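# Notes for the structure review
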Amino acid sequence: KMSESPYSFSLTTFSPSGKLVQIEYALQAVSQGTTSLGIKAKDGVVIATEKKLPDLLKPSSIQKVNNLTDNIGVVYSGLNPDSRVLVTKGRKLAQQYYRTYKENIPISMIVKKIANVMQEYTQSGGVRPFGVSLLIAGYDESGPQLFQVDPSGSYFGWKASAIGKNTLNAKTFLEKRYNEDMELEDAIHTAILTLKEGFEGQMTENNIEIGVVNQQGEFRVLSTSEVKDYLGEVE
Amino acid sequence: LAYMSILEYNGGAVLAMVGKNCVAIASDTRFGIQHQTVSTDFSKVFRITDKTFVGFPGLASDTQTMLNKLKFRIKLYSLDEDREMEPKIVSNLLQTLLYEKRFGPFFVEPVVAGLDKNNKPFISAMDLIGAPLLAEDFVLSGTASEAMYGMCETLYRPDLEPEDLFEVVSQCLLSSVNRDALSGWGAVVHVITADGITSRVLKGRQ
């Protein structure tokens, strides 16, 4: 019986001060992860991340920015394997929604569903919280949207945000640079500049990843040559 | 009395038609158990959102059950998604609900009629296991279906104004159910426009 299993109790329990320390520690894991950021423009959304890899590693074998659907993408900061689980679950949830309603899942709904999954892992037997924060970007009938989801399952809608190592500096930089009338191209340039702020060493098309969703509702990870072009424009 | 199909146990007829920036949906109001008429005010069409109606002709018990199942899903959807369900999505959801019972189906053959968020008319029908029919002119379902097809094909023309649409739908329905022993005993017609809904009760042959 499930209740007899030694793992039938929740590993995430309250401390006397009213905190869930496992979630605090998960947030720590996130803040030690590489920086990711997202910027919502008038006509689209851009998300980007550092891809700091050892020299011998093949950059193309690691993809940090992923599609959840044709028009929704996601980037994370934290533990890569945990992010893979959420991406897989998110993709399946989106298709289940389509199967029932024959309509593409609204961004707000997939965010809610993924957030609920993450919350379940803070209140279930034998599991630990996810060690990632996600930035989910998409363009649907309600326009361009950017959401952050945390290990606790909390989610927030942002105009621009950053997660991971350099989040404080990046957010300060974004607050100065952001304006509501930004167009997608400006947002991509600003994203690159923001990443550059906290970047150790030389930033190239092989150690950053950029995902963009446009007004036509197509989310795409930019190719290395496209990233190279943008980097050239920013110099 | 012998009946060929459980769909003929209670009897009933539902019809929906597209007009100019409007839709109409109508049903007879007989509730019978085989040859015996039990009630004359049992409409098979129900308003499920502001501008969408669904009709469930077939086995009366399943009419009520499907209505309740659908209303349940629609209410949760509105709360979860903070928006009203469009008629097309209602139709898609119904198809899913019906197919889930593929090997022990609900004995209803639904008709959906409504205006989408841009007030564009939408109608659809489906069989008892959810196979959809998306039409631009009219859809119908029930024990008087053959007569209704004949009437609609003859009387229908596109872009009817709401008042004219009402007349055409009423004539199609009444003449058809008058030739069907299991349908009739009154009718109700709803006309949905961007401004609102007009519902009228018809008295047919008694």
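These lines cover the structure that appears in this document, whether it is placed above or below. Here the structure is a predicted model, which is why all the values come from computation and not from measurement.

Conventions used here
- Residues numbered from 1 in each chain as written.
- Chains lettered and ligands numbered in written order.
- Predicted model: local features only at pLDDT ≥ 70, side-chain atom pairs only at ≥ 80, totals over all residues.
- Heavy atoms only, no water.
- Axes fitted to C-alpha atoms, helices over the stretch in contact; angles between N-to-C directions.
- Helix = DSSP H or I, 4+ residues; strand = E, 2+ residues; numbered from the N terminus.
- Parallel < 35°, antiparallel > 145°, perpendicular 65-115°, else oblique.
- Left-handed = near helix turned anticlockwise from the far one by under 90°.
- Contact = heavy atoms within 4.5 Å.
- Nonpolar A, V, L, I, M, F, W, Y, C, P; charged D, E, K, R; others polar.
- Pairing = 2+ DSSP bridges.
- Buried < 20%, exposed > 50% of the residue type's maximum accessible area, 1.4 Å probe, protein only.
- Patch = residues over 30% accessible without salt bridge, like charges linked within 9 Å, V, L, I, M, F, W, Y side chains within 5 Å.
- Areas by Shrake-Rupley, 256 points an atom, 1.4 Å probe, with all protein chains shown as cover.
- Salt bridge = Lys/Arg side-chain N within 4 Å of Asp/Glu carboxyl O.
- Lys, Arg positive; Asp, Glu negative; His and termini not counted.
- Charge placed at Lys NZ, Arg CZ, Asp CG, Glu CD.
- Phe/Tyr/Trp six-rings, centres within 6.5 Å; stacked < 30°, edge-to-face > 60°.
- Lys NZ or Arg CZ within 6 Å of the ring centre and 35° of its normal.
- Buried area = accessible area lost by both parts, 1.4 Å probe.

## Observations concerning the packing of helix α2 (residues 80–101) of chain A against helix α3 (residues 107–120) of chain A
Residues and elements named next belong to chain A. The interhelical angle for the contact between α2 and α3, taken along N-to-C directions, is 130 degrees, at an axis separation of 10 Å. In terms of their interaxial angle, α2 and α3 are classed as oblique. Taken as a pair, α2 and α3 cross one another with a handedness that is right-handed. The segment α2 lies against α3, with Leu86, Lys89, Gly90, Leu93, Ala94 and Tyr97 engaging Ile110, Lys113, Ile114, Val117 and Met118. The residue makeup of the contact of α2 with α3, split by class, is eight nonpolar, one polar and two charged.

## Section: the sheet that holds strand β12 (residues 196–202) of chain B
Residues and elements named next belong to chain B. Read from one edge of the open sheet, five strands run β10-β1-β2-β11-β12, paired in antiparallel fashion. A single partner strand is all that each edge strand has here, and the edge strands are β10 (138–142) and β12. Ignoring which end each strand starts from, the neighbouring axes of this sheet average 10 degrees apart. Sheet topology note: the strand β2 (residues 22–28)/strand β11 (residues 187–193) ladder contains seven bridges and is antiparallel. Across the sheet, the residue bridging to Val23 is Ile192, located in β11. Along the sheet, helix α3 (residues 145–155) contacts β1 (13–18) and β10; its crossing angle with β10, the most-contacted strand, is approximately 160 degrees.

## Focus: the sheet that holds strand β3 (residues 66–69) of chain A
Residues and elements named next belong to chain A. The five strands are arranged β3-β4-β5-β6-β7 in an open sheet whose pairing can be described as antiparallel. The strands lining the two open edges of the sheet, one partner per strand, are β3 and β7 (155–157). Neighbouring strand axes in the sheet, compared pairwise and without regard to direction, differ in orientation by 25 degrees on average. Bridge count for strand β6 (residues 143–149) against β7 is three bridges, and the pairing is antiparallel. The residue bridging Gln148 from the neighbouring strand is Phe156, located in β7. Of the strands in this sheet, β3, β4 (72–78) and β5 (132–140) touch α2, which is tilted by about 25 degrees from β3. α3 contacts β3, β4, β5, β6 and β7 of the sheet and is inclined by roughly 10 degrees relative to β6.

## Comments concerning the pairing of strand β2 (residues 44–50) of chain A
Residues and elements named next belong to chain A. Among the seven residues that make up β2, seven are buried, leaving the element largely enclosed by the rest of the structure. Burial of the side chains of β2 extends over both faces: Gly44, Val46, Ala48 and Glu50 are buried on one face and Val45, Ile47 and Thr49 on the other. The sheet contact formed by strand β1 (residues 36–41) and β2 spans six bridges and is antiparallel. Residue Leu37 lies in a different strand from β2, and its bridge partner there is Ala48. Taking the residues that link successive antiparallel strands as the turn, the β1-β2 hairpin has two residues. Of the pairings in the sheet, the one linking β2 to strand β9 (residues 208–214) comprises seven bridges and is antiparallel in character. Counterpart to Glu50 in the pairing with β9 is Ile208.

## Digging into a negative patch on the surface
There is a patch of like negative charges on the surface, built from Asp159, Glu161, Glu163, Asp164 and Glu167 of chain B. Relative to the assigned elements, Glu161 of chain B resides in the loop between α3 and α4 (162–177).

## Brief notes about the packing of aromatic side chains
Counting across every chain of the model gives six aromatic pairs over all chains. The interplanar angle of 50 degrees and the centroid separation of 4.6 Å between the aromatic rings of Tyr121 of chain A and Phe130 of chain A together place this pair among those described as tilted. What makes Tyr121 of chain A partly exposed here is its relative accessible area of 24%. Between Phe31 of chain B and Phe42 of chain B the ring centres are 5.1 Å apart and the planes differ by 40 degrees, which places this aromatic pair in the tilted class. With a gap of 11 residues between them, Phe31 of chain B in strand β3 (residues 31–33) and Phe42 of chain B in the loop between β4 (36–39) and β5 (45–49) connect regions that are remote in the sequence. Assessed through its relative accessible area of 22%, Phe31 of chain B is described here as partly exposed. The exposure class of Phe42 of chain B is buried, given its relative accessible area of 17%. Every member of this aromatic cluster is reached through a ring pair, and the members are Tyr97 and Tyr101 of chain A together with Tyr77 of chain B. The ring of Phe199 of chain A has Lys52 of chain A sitting right over it, with the charged end atom 4.7 Å from the ring centre.

## Looking at the interface of chain A and chain B
Taken together, the contact pairs 10 residues of chain A with 13 residues of chain B. When the area that chain A buries against chain B is broken down by residue, the three leading residues are Thr100, Tyr101 and Lys102 of chain A, summing to 50%. The tally of links from chain A across to chain B stands at three salt bridges. Among the secondary structure elements, those contributing two or more residues to the side of chain A that touches chain B are α2 and α3 of chain A. For the side of chain A that touches chain B, the element with the most residues is α2 of chain A, which contributes four residues. Along the lines of polarity and charge, the residues of the side of chain A that touches chain B split into four nonpolar, one polar and five charged.

## Focus on unusual backbone geometry
Residue and element names in this part refer to chain B. Despite not being glycine, Gln34 shows a phi value in the positive range, around 55 degrees. With respect to the helices and strands, the residue Gln34 is situated in the loop between β3 and β4. Even without being glycine, Asn119 reaches a positive phi, approximately 60 degrees. Here Asn119 lies in the loop between β7 (111–115) and β8 (121–126).

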